[in-house]
Amino acid sequence: MKILITGGLGYIGSHVTVLLIQNGYEVVCIDNLVNTSLSVLDGITSITNKKPYFEDIDVCDTKKLKELFNKHSDISGVIHFAAFKAVGESVNDPLKYYENNIGGLIKILKYTVDKSIPFIFSSSCTVYGEADELPITEEAPLKKANSPYGNTKKIGESIVEDCCAAFKDFNAILLRYFNPIGAHESSKIGESPQGIPQNIIPFLTQAVAGKQSHLKVFGSNYNTSDGTCIRDYIHIMDLAQAHIDSLNYLIEAKNSNSCEVYNVGTGNGVSVLELIKAFEKATGEKVPYELSEPRSGDTVAAYADPKKINKKIGWVAKHTLEEALQSAWNWEVSLNSDT
Ligand code: UD1
């Protein structure tokens, strides 16, 4: 069975590509390489002993997309990752985000809906904003997005939902990720942000490796157990597995609604200080950090109620936080030994 994965060389996409290959799927991987590099393809090939079909295609490039779907008329599933994801950048350059994230989604859907190809959309817990109740269930009301990036996820969900309503045989799953961290156990693929990392784990591992002076803990007076923000950190391989399980569920037509939405998280809320302690315990490395001002727009606390995906799709997060943190550190070490 042939699966198209857009943004297949990105952080999440590359780990999903590995699992798709290892689950016997034939993978058609596209990526425009703006936020990743071709070396990721070597990493995937080295882990799986199989080089996936790859083309350097921007999902906004209608001509190339059309050629791709003509060439691979037997695609039986689409997992759509290709999108920009820097929250701060999206505030300064909203049109870039709407054009790419919404424009790209619409273009890919045009080739998907009328062929009724099962579709997985990469959404985010950011759609919940500051939730009124924790843990967050899928029924929680969606809040006004606090960035254009977050808004592209909300709008993207609606577009997919509307397509499911309009095209009778079109089925889709919206996966709302909490905070993915860590790397493949081989350390051959992982998270490689360009420039200064915005997300906590790549910044933290770079600080431990001496590439950054220290980690700033954004805010320490929040109304939480220790004053720092709470998140649900999920091992990237668990998140990747959720895609395989969701895809199989759709392909086997086990869904009861044409559009279903699932949280993908562990259910454990972890503060920034607890995260630092867990990293130190797992790796034996000291994290240089200092308490700092809050980051504007940050959600105070978000962690998932994952019961729906546990029950309906049969997926559960299997890795511990320490395993995820150890794998993130192993990846950072491997990057430094390459250079
Ligand atoms: C947010 C979204 C997530 C989205 C991601 C895109 C929420 C709850 N999460 O992630 O869905 O996919 O943006 O980038 O809206 N922190 C520090 N110091 C740092 C960096 C981060 O203390 O240098 C703290 C943050 O304040 C936060 C936690 O670490 O409490 C995680 O931050 P980050 O990794 O940036 O992810 P989110 O902002 O949760």
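Residues numbered from 1 in each chain as written. Predicted model: local features only at pLDDT ≥ 70, side-chain atom pairs only at ≥ 80, totals over all residues. Heavy atoms only, no water.

Draft legend 1. How the structure looks around the sheet that holds strand β6 (residues 172-177). With parallel pairing, seven strands are arranged side by side in an open sheet as β3-β2-β1-β4-β5-β6-β11. Because the sheet does not close on itself, it has two edges, and the strands there are β3 (53-56) and β11 (259-264). In this sheet, adjacent strand axes meet at a mean angle of 20 degrees when their direction is disregarded. Across five bridges, the pairing between strand β1 (residues 2-6) and strand β4 (residues 75-80) is parallel. Looking at β4, one finds that Leu 4 is bridged to Val 78. Strands β5 (119-124), β6 and β11 of the sheet are contacted by helix α6 (residues 148-166), whose axis makes an angle of about 150 degrees with β5. (Pairing = 2+ DSSP bridges. Helix = DSSP H or I, 4+ residues; strand = E, 2+ residues; numbered from the N terminus. Axes fitted to C-alpha atoms, helices over the stretch in contact; angles between N-to-C directions. Contact = heavy atoms within 4.5 Å.)

Draft legend 2. Broad picture of the nonpolar core. Counting 40 residues, the largest nonpolar core has Val 16, Leu 20 and Val 264 as its most contacted members. Elements that contribute at least two residues to this core include exactly β1, α1 (11-22), β2 (26-31), α2 (39-48), β6, α8 (236-251) and β11. Here the element with the most residues in this core is α8; it accounts for nine residues. In terms of nonpolar packing, the next biggest core, distinct from the first, is built from 29 residues, Ile 102, Ile 117, Val 160 and Ala 172 among them. (Core = buried A, V, L, I, M, F, W, Y, C linked by side-chain atoms within 4.5 Å. Buried < 20%, exposed > 50% of the residue type's maximum accessible area, 1.4 Å probe, protein only.)

Draft legend 3. The arrangement of the domain arrangement of the protein in detail. In terms of domain boundaries, the protein breaks down into domain 1 (2-183 + 233-267 + 303-318) and domain 2 (200-229 + 268-302 + 327-338). The centre of domain 1, based on its C-alpha atoms, is set 26 Å off from the matching centre of domain 2. Summed over both partners, the interface of domain 1 with domain 2 comes to about 1,200 Å²; 57% of that surface belongs to carbon and sulfur atoms. Viewed at the interface, domain 2 and domain 1 are joined by zero salt bridges. (Domains from an automatic or database assignment. Buried area = accessible area lost by both parts, 1.4 Å probe. Salt bridge = Lys/Arg side-chain N within 4 Å of Asp/Glu carboxyl O.)

Draft legend 4. Representation of α6. Taking 1.5 Å of rise per residue, the 19 residues of α6 would be expected to cover 27 Å, and the 26 Å separating its terminal C-alpha atoms lies within 8% of that figure. Listed in full, the buried residues belonging to α6 are Pro 148, Tyr 149, Gly 150, Thr 152, Lys 153, Gly 156, Glu 157, Ile 159, Val 160, Cys 163 and Cys 164. Contacts from the buried residues of α6 go to α4 (87-92), α5 (94-110), β5, β6 and β11. (Expected span 1.5 Å × (residues − 1).)

Draft legend 5. Seen up close, the site of the ligand. Around the ligand, the surrounding shell holds 22 residues, and the nearest of these are Ser 124, Ile 200, Lys 216, Arg 231 and Asp 298. For the ligand, an oxygen atom lies 3.1 Å from a polar atom in the side chain of Tyr 149. One nitrogen or oxygen atom from the side chain of Arg 231 is found 2.4 Å from an oxygen atom belonging to the ligand. The residue inventory of the shell around the ligand, partitioned by class, reads eleven nonpolar, six polar and five charged. Residues lining the shell around the ligand come from more than one domain, with at least three contributed by each of domain 1 (2-183 + 233-267 + 303-318) and domain 2 (200-229 + 268-302 + 327-338). (Near = heavy atom within 4 Å. Polar contact = N/O pair within 3.5 Å; in protein donor to acceptor, adjacent residues only side chain to side chain. Nonpolar A, V, L, I, M, F, W, Y, C, P; charged D, E, K, R; others polar.)

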